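Summary of the model geometry
Here's the letter readout for the chains.
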Amino acid sequence: MKGKVTEEQLDKLLAFSDENVISRFLDMYDVTETEAEDILMETLKFLYISQIPGVFIPDDLLIIDEMWHNLILFTPLYHKLSKEYLNTSYFHHLPATKKEKDERREAMRIAPDEAKEEYLKKLEFLLSTTYDYLGEETMVKWFKVYPQKYSKENIKKLKK
């Protein structure tokens with residue numbers, strides 16, 4: 001393993017579960033308990049690789065982002081998870097700032113081909129990192145299954 005992530009850390013993260021996090025997610029989305037538990041596991045995997053600079057959450061993984069938001073709301077639990085599982089006092093969720101979004105829009109307006117190329121490089125890094133650290137099964141789930149099963153439109157339909 002490269003950097004500060006280890007297989008032991010991943011194993012520890014994947015042993016984590018919390019009935020309250022699952023219960024709240026079930027209150028918000030029309031999914032089965034098994035499905036919510038699986039989304040939590042995928043979220044924990046994402047948190048694991050998010051420790052690697054350059055990893056970002058694309059729209060294809062919106063359901064993971066929704067579970068991450070849900071987890072963060074259990075503040076004491078999230079602080080404990082950050083400290084015990086991610087070796088930091090608080091693992092921040094940092095969405096794109098207004099300035100970053102404005103700069104991206106401007107780059108797309110001025111030089112769309114270069115902006116698309118830059119995004120594709122970032123996406124390629126995410127894909128290779130996912131494959132290298134989490135394997136083919138996770139890669140397929142995140143980038144083939146989830147974009148269809150949990151598209152923005154489908155997530156809206158699942159909201160209660």
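Just above, that's the structure.
Residues numbered from 1 in each chain as written. Predicted model: local features only at pLDDT ≥ 70, side-chain atom pairs only at ≥ 80, totals over all residues. Heavy atoms only, no water.

This part covers unusual backbone geometry. Here the phi dihedral of Asn87 falls at roughly 55°; this positive angle occurs in a residue that is not glycine. Relative to the elements of secondary structure, Asn87 occurs in the loop between α5 (75-86) and α6 (98-110). On the basis of relative accessibility, which here comes to 61%, the residue Asn87 falls in the exposed class. (Helix = DSSP H or I, 4+ residues; strand = E, 2+ residues; numbered from the N terminus. Buried < 20%, exposed > 50% of the residue type's maximum accessible area, 1.4 Å probe, protein only.)

Attention shifts here to the pattern of salt bridges. Under the definition given, this model contains nine salt bridges. Here Glu35 ties to Lys149 by a salt bridge, and the two come within 3.6 Å at their closest N and O atoms. Taken as a pair, Glu35 in helix α3 (residues 33-49) and Lys149 in helix α7 (residues 112-149) lie far apart in primary sequence, 114 residues in all. Lys149 gets classed as partly exposed once you look at its relative accessible area, which sits at 44%. Two residues, Asp38 and Lys141, come together in a salt bridge whose shortest N-O distance is 2.9 Å. Here Asp38 is found in helix α3, whereas its partner Lys141 is found in helix α7, with 103 residues between them in sequence. Beyond isolated ion pairs, a larger network of salt bridges with shared partners links Asp38, Glu42, Lys45 and Lys141. (Salt bridge = Lys/Arg side-chain N within 4 Å of Asp/Glu carboxyl O.)

Taken residue by residue, helix α1 (residues 7-14) has Gln9, Leu10 and Leu13 as its buried positions. Buried residues of α1, seen end-on, are gathered within an arc of 100° and therefore sit on one face of the element. For α1, exposure combined with an orientation more than 90 degrees from the buried face picks out Glu7, Glu8 and Asp11. Next to the buried residues of α1 lie α3, α5 and α7. (Arc of directions from axis to C-beta. Contact = heavy atoms within 4.5 Å.)

What follows deals with the side chain of Asn70. Inspection of the secondary structure puts Asn70 in helix α4 (residues 62-72). What Asn70 contacts, discounting residues up to four positions off in sequence, is Val21, Arg24, Phe25 and Met28.

The residue Val55 is located in the loop between α3 and α4 in this model. Exposure remark for Val55: the relative accessible area of 15% places this residue in the buried category. Through-space distance from the C-alpha of Val55 to that of Leu126 is 5.6 Å; in sequence the pair is 71 residues apart. Each residue touching Val55, except ones within four places of it in the same chain, is listed here: Phe46, Ile49, Ser50, Phe125, Leu126 and Thr129.

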